[in-house]
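Structural characterization, general
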Amino acid sequence: MFQYSLRYTLDPRTNTPAKDAKLYAFVQQAHVDNVAFFINPEELNESHLDADQTQMWLDAIKPVSDHLATLGVSTSLNPWTTIMHSDRGHTVNPALGFSTLVDINGRQATEIACPGDPGWRAYLADRYAQYATLHPRELWLEDDFRHYNHTPLKLGCFCDRHMAIYQEKLGRKISRAAFVAAMLAPGAPTPERKVYLDTAREEMKATVRAIEARVHAVSPETNLAQMTSFPNWHALEGRDWSGHFAGLSGEGHPWVARPHLPAYNEIAPLKYSRVFEDYTRTTAAYLGDDAELLPELENYMYSPFVKSVAFTQFQIETAALVGARGILLNLFDMIGNGIDDDYHYAEMMAASKPFLDDITTHRLRMSTTRGIRVLVDQDSAYTLHTHAGKDPVELLPHETNWAALLGTMGFSTTITPVQLDTHFAGEQLAISGQLLRNFAPDTIRQLLTDNVTLLDGEAVQVLLDLGLGDLIHVDNAEWHAVRTGYQSYEAADGHTVEGVADPRVTMLQHTGDYLRLGYAPGSDVDVWSHAYSADGTQLGPVMAVINHRTIVMPMDEDPKYGWESQYVGFKQGLYQQMLDTITNVDYLVGMPNAKLIVTTQDGLMLWAANFTLDDYDRITWVPAHHLDATTAVVLSRDGDQSVTTRVPLKQEDGRVVIPVRLPHLQMVQIHFE
């Protein structure tokens, strides 16, 4: 069964029986399985609460929770603060006995707690033990449990306590400004950076262990659960995913997490497809198939003026693409207005529930995905090199660009966390950013020699920095910044894509810098495209296949636009053709912005989702391996019905045609017979 968990604000001071009645009616009509009650949220937040203030919330929630139980609906608790999201004009009650965060610029918060303060840790464990007296199914830690994104401050913490810790680990005195400068310094990582990351990592694990011990002493049956934020930013605070969740969950409990669904407001679905890979699927990959994932859907600032009901429904249903067991639904405001029936969410949720229950029978497991592995590493902030050394964003890994690009282009991909002893052979790997700095030279040689790999410009630069340019036959290289009058466009000379000969793609706008590579004469390099200036002068190679196993796209990431210029049909066709010459991959044809995931855990299955506003009359799939099946069983949703349809398959020119519609903002699950 797919679990609906409704996040709900019950204001203890203004709640009424009428609001309770609307809640009870909604959970029954919408098939809600669980209500996660907010405590001290958003506009009602009064900073860090003491025991008496907390008890006021628990006393108000208890009778409503008891009545929900008679309806077969369980209760969870969602305290809205741990460290505190941001300063909002409050100050910490001195009686609570803890200090506040200081950021990299030396600014001190008024109510954002210092995450290394033992007094704060004891306070938080006390509050969570108090929450546990209601014996909730899940007891959540909010996503303010982090060292960054605490408006208006930047990265923390650099208070006097933390500076003393850093100095002790370094074995010398150092000022805050000097420490921060060294932590961000250009080039190779410094001891200061390692000290910061190690400290941030360990103090958060120590805190969740303290909370776990107190909570399970009061309510052994409660699952402690963590709301997460952006994985690349978690890398900047040294997040140890397995260590963190092992400490939080405790013995005999599952890892329970709320991955971020990156669309609080409605955005173009094709854009959502990209960030879904960067954040939601990447978090799911770090936590593994056995974690209980309930991604968060939030419609802020609420109502269909913020997000259409159709887009909300699409987000709920595509949560299944990360193997979610359910979803957290932040559909109504956090001020205490309660249920608004005019939003028509109950009808939508009821319509989706049978379909979600059916596809969850064969829950997606990312580890069984057949396709291109996009490699990521939680420890990359320890090893990457900064350039200017001025801003913490320079410590963010750029490792999911291939996932967003290839996933949007209809290739079956999976995101795979790696470790120092990682070994792959006979697979397809996509590597971007500076991930290769995490490996020894022999490991890098093995990865590039024994697998088909896709590399971006940053990955190529790492190879050159490590003296491994011979792996791709590069004997010289030079970066050319975007919009400097050098490169203007890329042309796929001698190739035809979408009926256009020698198609051109911009290198001028919405793209990163160009790494012009010089290949050794006579080397095994097949250049597929070249860079040109505005007057048509050929400048150097762009896309190339090296040694019949490595594809190079020598561009880096634009700080604002990322890889946006790559999202064009000409590039999709080039990637398809290039990969077809050296390996076998699964991908969709003629379906822009449709996502494909091929899994093998319960026999061969396809998951296809349409992240666009166009309808597709059929699904055309190029399988990585020959398909013996002649029919398929398709699970889809038609209105409020979960529909199972058996369809014949047609195979021609290496393509499998599945005669089933894939309407806009819908998803299907396909089994083969």
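Preceding block: the structure.
A brief report on the enclosed structure follows. These numbers were taken from a predicted model, which means no experiment stands behind them.

**Quick word on the state of the cysteines**
Applying the stated criterion to the full structure yields zero disulfides. Unpaired in this structure, Cys157 has its nearest cysteine sulfur neighbour in Cys159, at a distance of 3.6 Å. Residue Cys157 is classed as buried on the basis of its relative accessible area, which comes to 0%.

**Some points on the pattern of salt bridges**
Counted according to the given criterion, the structure contains 36 salt bridges. Put simply, Asp379 and Arg201 hold a salt bridge, and the shortest N to O gap is 2.5 Å. Placement of Asp379 in the loop between strand E12 (372–376) and helix H12 (401–408) and of Arg201 in helix H6 (residues 191–218) is noted, with a sequence separation of 178 residues between them. Between Asp465 and Arg437 there is a salt bridge, with the nearest N and O atoms lying 2.8 Å from each other. Of the two residues, Asp465 sits in helix H14 (residues 457–465) while Arg437 sits in the loop between strand E14 (428–431) and helix H13 (441–450), which places them 28 residues apart along the sequence. By relative accessible area, which is 42% here, Asp465 ends up partly exposed.

**Here we look at the packing of helix H9 (residues 269–287) against helix H10 (residues 309–318)**
Axis separation between H9 and H10 bottoms out at 12 Å; the angle between their running directions is 30°. Here H9 is positioned roughly parallel relative to H10, judged by the angle of their axes. For the pair H9 and H10, the sense of crossing is right-handed. Residues Pro269, Tyr272 and Phe276 of H9 lie in contact with H10, whose contacting residues are Phe311, Phe314, Gln315 and Thr318.

**Re empty space enclosed by the protein**
Within the structure shown, the criterion is met by four cavities of 30 Å³ or more. Approximately 80 Å³ is the volume attributed to the largest cavity. Lining the largest cavity are 13 residues, with Asn40, Leu49, Thr81, Tyr123 and Tyr131 positioned closest to its centre. No other element matches the four residues that helix H3 (residues 118–131) contributes to the lining of the largest cavity. Residues of the lining of the largest cavity, tallied by class, amount to seven nonpolar, five polar and one charged. Taken as a whole, the second largest cavity spans an internal volume of roughly 50 Å³. In terms of lining residues, the second largest cavity is bounded by Ala284, Gly288, Asp289, Ala291, Leu293, Val322, Gly323, Arg363, Leu364 and Met366. Of the residues belonging to the lining of the second largest cavity, the class tally is six nonpolar, two polar and two charged.

**Details of helix H15 (residues 569–582)**
Over its 14 residues, H15 runs 21 Å from end to end, which matches the ideal 20 Å to within 8%, given 1.5 Å per residue. H15 sits mainly inside the fold: 10 of its 14 residues count as buried. Within H15, burial applies to Phe570, Lys571, Gln572, Gly573, Leu574, Tyr575, Gln576, Met578, Leu579 and Ile582.

Procedures and definitions
- Residues numbered from 1 in each chain as written.
- Predicted model: local features only at pLDDT ≥ 70, side-chain atom pairs only at ≥ 80, totals over all residues.
- Heavy atoms only, no water.
- Disulfide = S-S within 2.5 Å.
- Buried < 20%, exposed > 50% of the residue type's maximum accessible area, 1.4 Å probe, protein only.
- Salt bridge = Lys/Arg side-chain N within 4 Å of Asp/Glu carboxyl O.
- Helix = DSSP H or I, 4+ residues; strand = E, 2+ residues; numbered from the N terminus.
- Axes fitted to C-alpha atoms, helices over the stretch in contact; angles between N-to-C directions.
- Parallel < 35°, antiparallel > 145°, perpendicular 65-115°, else oblique.
- Left-handed = near helix turned anticlockwise from the far one by under 90°.
- Contact = heavy atoms within 4.5 Å.
- 1 Å grid on protein atoms, 1.4 Å probe; cavity = no way out; pocket = protein on both sides within 12 Å on 5 of 7 lines; lining within 4 Å.
- Points joined across faces, edges and corners; volume = space filled by probe spheres on them.
- Nonpolar A, V, L, I, M, F, W, Y, C, P; charged D, E, K, R; others polar.
- Expected span 1.5 Å × (residues − 1).

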